[in-house]
Amino acid sequence: DTGVSQNPRHKITKRGQNVTFRCDPISEHNRLYWYRQTLGQGPEFLTYFQNEAQLEKSRLLSDRFSAERPKGSFSTLEIQRTEQGDSAMYLCASEGRLNTEAFFGQGTRLTVV
Amino acid sequence: GNSVTQMEGPVTLSEEAFLTINCTYTATGYPSLFWYVQYPGEGLQLLLKATKADDKGSNKGFEATYRKETTSFHLEKGSVQVSDSAVYFCALIPIIQGAQKLVFGQGTRLTINP
């Protein structure tokens, strides 16, 4: 088991473009979380899945953001019509059925120019 | 609402110095409290946690005690090493809930000089 994997590690995009990030959780972890971390701040919760069901979305997740976890394994986070304010590190975490700890990936750093 | 406040960084210490990073929280009920660490180029890792008042979490020489009366969870280590250089995040999960929806502080960057 190699831990939580996120791709790409870095993404630079022009304002107005769409971007998609992928997260592969630890095998058989049923919960998957997305967080956003801006420079100098701690991570902020965006949304989470239990298996394929998206159970909660933060008010930080505007209509331009959509997340999916179609088969209860990997997840994607898409941002449409990116804005400069979307520049941040996007973190994914997964949690097993014992609910004791969330394991984080290394994140995808998005820069919108 | 739920929030976490950490001492401002960056913090720079010499090897073998005593470390304290202050953390206070605001939450309804009795949250679970955590310290996460982020080493350069790596993802966040759980360092230690405490789930009820007066519990002490410990790991790798670090300790933190859940103080309900002062709503604090300060991180301490008696003798730091260069390898402890990282960013440290205090966090909470509100009350009792099934999901690991963490509320983080802003982080404190620690640098240890040899």
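In the block above lies the structure referred to throughout.
Fair warning: this is a prediction, and the values are worked out from it, not measured in the lab. Note that residues are indexed from 1 along each chain, following the sequence as it is written. Chain labels run from A onward and ligand labels from 1 onward, assigned in the order the entries are written. pLDDT decides what is reported in this predicted model: residues at 70 or higher carry local features, side-chain atom pairs at 80 or more are listed and counted, and totals for whole chains, interfaces and linings draw on all residues regardless. Derived side-chain values reflect all non-hydrogen atoms in the structure, with water molecules and hydrogen atoms excluded from consideration.

Our focus in this paragraph is the state of the cysteines. A pair of sulfur atoms, both from cysteines and within 2.5 Å, is called a disulfide here. For the structure on display, the rule yields two disulfides over all chains. The disulfide partner of cysteine 23 of chain A is cysteine 92 of chain A, and the S-S distance across this bridge is 1.9 Å. Residues cysteine 23 of chain A and cysteine 92 of chain A are joined through a disulfide that is left-handed, its torsion about the S-S bond being -70°. Taken as a pair, cysteine 23 of chain A in strand 3 (residues 19-24) and cysteine 92 of chain A in strand 9 (residues 88-95) lie far apart in primary sequence, 69 residues in all. Here cysteine 23 of chain B connects covalently by a disulfide to cysteine 90 of chain B, the sulfurs 1.9 Å from one another. With the S-S bond torsion at -70°, the cross-link from cysteine 23 of chain B to cysteine 90 of chain B turns out left-handed. Only runs of H or I of at least four residues qualify as helices and only runs of E of at least two qualify as strands under DSSP, and these elements are numbered from the N terminus.

All names here are of chain B. On the secondary structure map, lysine 77 appears in strand 9 (residues 75-77). Burial classes follow relative accessibility: with a 1.4 Å probe on protein chains only, a residue under 20% of its type's maximum area counts as buried, one over 50% as exposed, and anything between as partly exposed. Judged by its relative accessible area of 10%, lysine 77 is buried. A polar contact is formed between the side chain of lysine 77 and the backbone oxygen of lysine 60, at a distance of 3.5 Å. What makes two residues a contact is simply this: any of their non-hydrogen atoms within 4.5 Å. Setting aside chain neighbours within four positions, we find lysine 77 in contact with Ala17, Phe18, Leu19, Lys60, Gly61, Phe62 and Asp84. Whenever a nitrogen or oxygen atom comes within 3.5 Å of another N or O atom, the pair is scored as a polar contact, on the condition that within protein one atom can donate a hydrogen and the other can accept it, and that pairs from neighbouring residues in sequence are kept only if both atoms are in side chains.

Moving on, we come to the pairing of strand 8 (residues 75-79) of chain A. Residues and elements named next belong to chain A. The buried fraction of strand 8 amounts to four of the five residues, a majority that puts the element mostly inside the structure. Two strands are said to pair when DSSP picks up at least two bridges between them. Pairing geometry for strand 3 and strand 8, over five bridges, is antiparallel. Pairing of valine 19 across the sheet is with isoleucine 79, part of strand 8. Bridging between strand 7 (residues 65-68) and strand 8 involves four bridges; their strand directions are antiparallel. Looking at strand 8, one finds that glutamate 68 is bridged to threonine 76. Between the antiparallel neighbours strand 7 and strand 8 lie six residues, among them glycine 72 with a positive phi of about 75°.

What follows concerns the interface of chain A and chain B. Across the boundary between the two partners, chain A contributes 21 residues, which contact 17 residues of chain B. The term salt bridge refers to a side-chain nitrogen of Lys or Arg lying within 4 Å of a carboxyl oxygen of Asp or Glu. Counting across the chain A and chain B interface gives one salt bridge. Salt-bridge contacts for lysine 101 of chain B lead to glutamate 56 of chain A; the nearest nitrogen and oxygen are separated by 2.5 Å. Counting across the interface, chain A meets chain B through four residue pairs in polar contact (both at pLDDT 80 or more). Elements that contribute at least two residues to the side of chain A that touches chain B include exactly strand 4 (31-37), strand 5 (44-50), strand 9 and strand 10 (102-104) of chain A. With four residues, strand 4 of chain A is the single largest residue contributor to the side of chain A that touches chain B.

Moving on: the sheet that holds strand 9 of chain B. Residues and elements named next belong to chain B. With antiparallel pairing, four strands are arranged side by side in an open sheet as 3-9-8-7. Looking at which strands have only one partner, the edges of the open sheet turn out to be strand 3 (19-21) and strand 7 (56-59). Between one strand and the next, the sheet's axes are offset by a mean angle of 20°, whatever the strand orientation. Bridging between strand 8 (residues 62-65) and strand 9 involves three bridges; their strand directions are antiparallel. Note on strand 9: the bridge partner recorded for glutamate 63 is glutamate 76. Here the axes come from fitting lines to C-alpha atoms, over the contacting stretch only for helices, and the angles between their N-to-C directions go from 0 to 180 degrees.

Here the focus is the sheet that holds strand 7 of chain A. Residues and elements named next belong to chain A. Judged by pairing direction, the sheet is antiparallel, and its four strands sit side by side in the order 1-3-8-7 without closing on themselves. Of all strands in the sheet, those bounded by a partner on one side alone are strand 1 (5-7) and strand 7. Between one strand and the next, the sheet's axes are offset by a mean angle of 15°, whatever the strand orientation.

Attention now goes to the packing of aromatic side chains. Between two aromatic rings, the relevant description is the distance of the centres plus the angle of the planes. Ring geometry is summarised as follows: Phe, Tyr and Trp rings, the Trp one being its six-membered ring, pair when their centres sit within 6.5 Å, and such pairs are stacked at plane angles under 30 degrees, edge-to-face over 60 and tilted between the two. Evaluated as defined, the whole model comprises 15 aromatic pairs over all chains. Ring centres 5.6 Å apart and planes at 80° place the aromatic pair phenylalanine 104 of chain A and tyrosine 36 of chain B in the edge-to-face group. One end of the pair, phenylalanine 104 of chain A, is in strand 10; the other, tyrosine 36 of chain B, is in strand 5 (residues 32-38), on a second chain. You can call tyrosine 36 of chain B buried: its relative accessible area is 0%. Geometrically, the ring pair formed by phenylalanine 89 of chain B and phenylalanine 104 of chain B is edge-to-face, given 6.1 Å between the ring centres and 85° between the ring planes. Taken as a pair, phenylalanine 89 of chain B in strand 10 (residues 86-93) and phenylalanine 104 of chain B in strand 11 (residues 103-104) lie far apart in primary sequence, 15 residues in all. Across this residue pair, the class does not change: phenylalanine 89 of chain B and phenylalanine 104 of chain B are buried. Three or more aromatic residues link up through ring pairs in this structure, and these residues are Tyr33, Tyr35, Phe45, Tyr48 and Phe104 of chain A together with Phe34, Tyr36, Phe89 and Phe104 of chain B. Here, a charge over a ring is recorded when the distance from Lys NZ or Arg CZ to the ring centre is within 6 Å and its angle to the ring normal is within 35 degrees. In this structure, arginine 22 of chain A is placed above the aromatic ring of phenylalanine 74 of chain A, and the distance from its NZ or CZ to the ring centre is 3.9 Å.

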